[in-house]
Amino acid sequence: MSSSTAVRTVRRRTLRVAAAALIAVAGLTLTACNDSDANASKPAASAGSSSADSSTGAKGSDGNGAKGSDAKADTEAGAADVAASPDRTETLVDGSTAKIYKLGDQHYRLKIVDGSDVLATFEANGRDAGLDGNGMYVVLTAGGEVQSWMGGEHQGPGTFKLAGGWTAKVTKVGEGHYRAEIIGHGDVMGTMEANGHDAGLDANGVYIVLSTGGVISAHE
């Protein structure tokens, strides 16, 4: 997790290869940690999820690969994004830039760029979203807030103490599919699903990412 330029450059290059086509949306079911509506409709963008169902990058909100007119629509939407100016930009912890686009109420898109290269794109639509960018963790909330950090990882399965006093019980459901129960005061307050893509959560100011490899990290 060195912050040196050399290490950061290597990791950015790795992220560019691994995540350039990634579109991720995280779902959650949360009763006390999140103000988002857990029953909000799935994102219209290229990868949707619910608290119990996720999909891999460049796929439709139903979890199936974009095909035919859907693929064309995704391409056209991507072209429109390139032409459109973001509502704002922020510098992430690794020095890359986050471009944030407001698409609607509780609906935001985030593009991570390094110069002219788009490293990753994901959306929060009615619920928070997250990304593990090879050791840089990013959460995009349904309200458009962005948080990024490095470190604090735990490798699941297992039960781990997180920042802010939360506890996460991480279980492996299947290949590329992990579930994390977020526990506070002895009660399960929310569930995160990383099924084919990463999941993110704002738990009352504690930001959590669960990866498809079972890595969980939190930042306060």
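Conventions and cut-offs
- Residues numbered from 1 in each chain as written.
- Predicted model: local features only at pLDDT ≥ 70, side-chain atom pairs only at ≥ 80, totals over all residues.
- Heavy atoms only, no water.
- Helix = DSSP H or I, 4+ residues; strand = E, 2+ residues; numbered from the N terminus.
- Buried < 20%, exposed > 50% of the residue type's maximum accessible area, 1.4 Å probe, protein only.
- Contact = heavy atoms within 4.5 Å.
- Areas by Shrake-Rupley, 256 points an atom, 1.4 Å probe, with all protein chains shown as cover.
- Salt bridge = Lys/Arg side-chain N within 4 Å of Asp/Glu carboxyl O.
- Pairing = 2+ DSSP bridges.
- Axes fitted to C-alpha atoms, helices over the stretch in contact; angles between N-to-C directions.

## Describing the overall build of the chain
- Within the chain one finds two helices and 17 strands.
- The 220 residues of the chain split such that 48% are buried.
- Long-range contacts, defined here as pairs at least 24 residues apart, represent 49% of the contacts in the chain between residues at least 6 apart.
- Taken as a whole, the chain presents about 9,600 Å² of accessible surface, with 48% of it coming from carbon and sulfur.

## A look at the pattern of salt bridges
- Taken as a whole and assessed by the stated rule, the structure comprises three salt bridges.
- Notably, a salt bridge pairs glutamate 123 with arginine 109, separated by 2.5 Å at the nearest N-O pair. Residue glutamate 123 is found in strand β6 (residues 117–125), and its partner arginine 109 is found in strand β5 (residues 107–114); the two are separated by 14 residues along the sequence. The same class applies to glutamate 123 and to arginine 109, which are both buried.
- Of the charged contacts, one joins arginine 179 and glutamate 193 as a salt bridge, the two residues approaching to 2.3 Å between their closest N and O atoms. Of this pair, arginine 179 sits in strand β13 (residues 177–184) while glutamate 193 sits in strand β14 (residues 187–195); the two residues are 14 residues apart in sequence, bridging distant segments of the chain.
- For arginine 179, a relative accessible area of 28% puts it in the partly exposed group.

## Focus: the sheet that holds strand β16 (residues 206–210)
- One open sheet accounts for four strands, arranged β10-β17-β16-β15; its pairing is antiparallel. Only two strands of the sheet have a single partner each, and these edge strands are β10 (153–155) and β15 (199–203). Neighbouring strand axes in the sheet, compared pairwise and without regard to direction, differ in orientation by 20° on average.
- Bridging between β16 and strand β17 (residues 215–219) involves four bridges; their strand directions are antiparallel. Across the sheet, residue valine 209 finds its bridge partner in β17, namely serine 217.

## Describing the pairing of strand β7 (residues 129–133)
- Burial runs high along β7: five of the five residues are buried.
- Residues Ala129, Leu131 and Gly133 line one face of β7 and the alternating positions Gly130 and Asp132 line the opposite face, and both faces are buried.
- Between β7 and the antiparallel strand that follows it, strand β8 (residues 136–140), lie two residues; asparagine 134 among them carries a positive phi value of about 55°.

## Some points on the environment of threonine 121
- On the secondary structure map, threonine 121 appears in strand β6.
- Separated by 21 residues in sequence, threonine 121 and isoleucine 100 have C-alpha atoms that sit 10.0 Å apart.

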